[in-house]
Amino acid sequence: MQLYATLAHNSQIEGARTAEFIPTLKTNVIHSESSETDSKLWDSPESVAAYSGEPHLVRSERAAFDSCFSRGLEGRRVLDLGCGGGRTTHFLHEMGADVVGVDISQNLIRAAKQRAPQIDFRLGDAESLEFDDESFDLVVFSFNGLDYLHPKSKRCKAIREMWRVLCPNGRLIFSHHNLAAFFFGWYKFMRPWKLRFRAKHILNGNALKNECYIRELPASGPGALIAYHAWPTQVIADLRSLGFELESIHSNSLLLAFLQRALRITVLTKLADPWPYYTFVKRNSPR
Ligand SMILES: C[S@@+](CC[C@H](N)C(=O)[O-])C[C@H]1O[C@@H](n2cnc3c(N)ncnc32)[C@H](O)[C@@H]1O
């Protein structure tokens, strides 16, 4: 078992008040099992069934969309990356945004177009976007979609692309697989197979790393996917080095959202939400 017991506090992250509770673990070892995350898996019938159901928004998505511009999304240019069957695209469109949905899977894009022919859906890869610089006010990569870009160089390339196509002060909304929740999460984490999964990755040391890639259980998606998992400190530090500042964080759990508002701290959401949503603002040039 790999144990990285040295905890370091990172006071640069989002103000000392919340940062002092979040440990940055001293390793950057990436646990990479294989490199094939590809569009074939996302094209599979299982994936199409999973990601082209009835459109709905989860609580944290609604909160993130509502919070990012004071006058709402009416008339805003929005890119919904990894849009799948258009679940979130539908609502961005309903909110008045001028939205384009882009996904790497031909079958998901076909399903999205069938459901909503009035919306602009396109086949495309997040690593290399067809859009001009500063084309969008908001980029969304929902439901942990960014975590499926493997290896990490692809993830960083996609973040750079999102930075490029955003206008100055544009917003980026995405969620991620939170390693801290392997220790502190209860929300959506208590089913027996999830508890086994969680225990396994605590015991093998993965959950103690800053970041790692973990093969997902087939029950949780189209199967055989490798997903990036990280502590919030790592995600926020990466985004900062790539030119983004954290604006807000949104929990799916009513209780966590209530505690965040009442206590004016984000630390509980960062520790306990397995898939927190972040809103980042495009600021400086990427380092
Ligand atoms: C977890 S699914 C989420 C789908 C959709 N956003 C939703 O919430 O229902 C991740 C999506 O990201 C897409 N995806 C994966 N890698 C991609 C890439 N490099 N470029 C664009 N889309 C990608 C997949 O095809 C898939 O539709």
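Use the structure listed above.
Calculation rules
- Residues numbered from 1 in each chain as written.
- Predicted model: local features only at pLDDT ≥ 70, side-chain atom pairs only at ≥ 80, totals over all residues.
- Pairing = 2+ DSSP bridges.
- Helix = DSSP H or I, 4+ residues; strand = E, 2+ residues; numbered from the N terminus.
- Axes fitted to C-alpha atoms, helices over the stretch in contact; angles between N-to-C directions.
- Contact = placed C-beta atoms within 7 Å.
- Buried ≥ 20, exposed ≤ 12 C-beta atoms within 10 Å, placed from the backbone.
- Arc of directions from axis to C-beta.

Quick look at the sheet that holds strand β6 (residues 136-141)
Here seven strands make up an open sheet; going across it, the order is β5-β4-β3-β6-β7-β12-β11 and the pairing mixed. Two strands lie at the open edges of the sheet, namely β5 (120-123) and β11 (244-250), each paired on one side alone. On average, adjacent strands in this sheet sit at an angle of 20° to one another, irrespective of strand direction. Sheet topology note: the strand β3 (residues 77-81)/strand β4 (residues 98-103) ladder contains five bridges and is parallel. Across the sheet, the residue bridging to Leu-79 is Val-100, located in β4. Contacts from helix α4 (residues 59-67) reach β7 (166-175), β11 and β12 (277-282) within the one sheet, and its direction differs from that of β12 by about 25°.

With respect to unusual backbone geometry
Following His-150, the chain continues into Pro-151 via a peptide bond in cis, with omega recorded as 5°. Residue placement: Pro-151 occurs in the loop between β6 and α7 (152-165). Of note in the backbone geometry, Arg-264 takes a positive phi value of approximately 55° without being a glycine. Mapping Arg-264 onto the fold places it in the loop between α11 (254-263) and α12 (267-272). Of the residues examined, Arg-264 has 9 C-beta atoms within 10 Å and is grouped as exposed.

As for helix α6 (residues 106-115)
An α-helix turns once per 3.6 residues; consequently, residues spaced three or four apart project the same way. Among the residues making up α6, those that are buried are Leu-108, Ile-109, Ala-111 and Ala-112. On an axial view of α6, the arc spanned by its buried residues comes to 160°, and they lie on one face. Structural note: α6 exposes Gln-106 and Gln-114 on the side pointing more than 90 degrees away from its buried face. Where α6 is buried, its residues meet α2 (39-43), α3 (45-51), α5 (87-94), β4 and β5.

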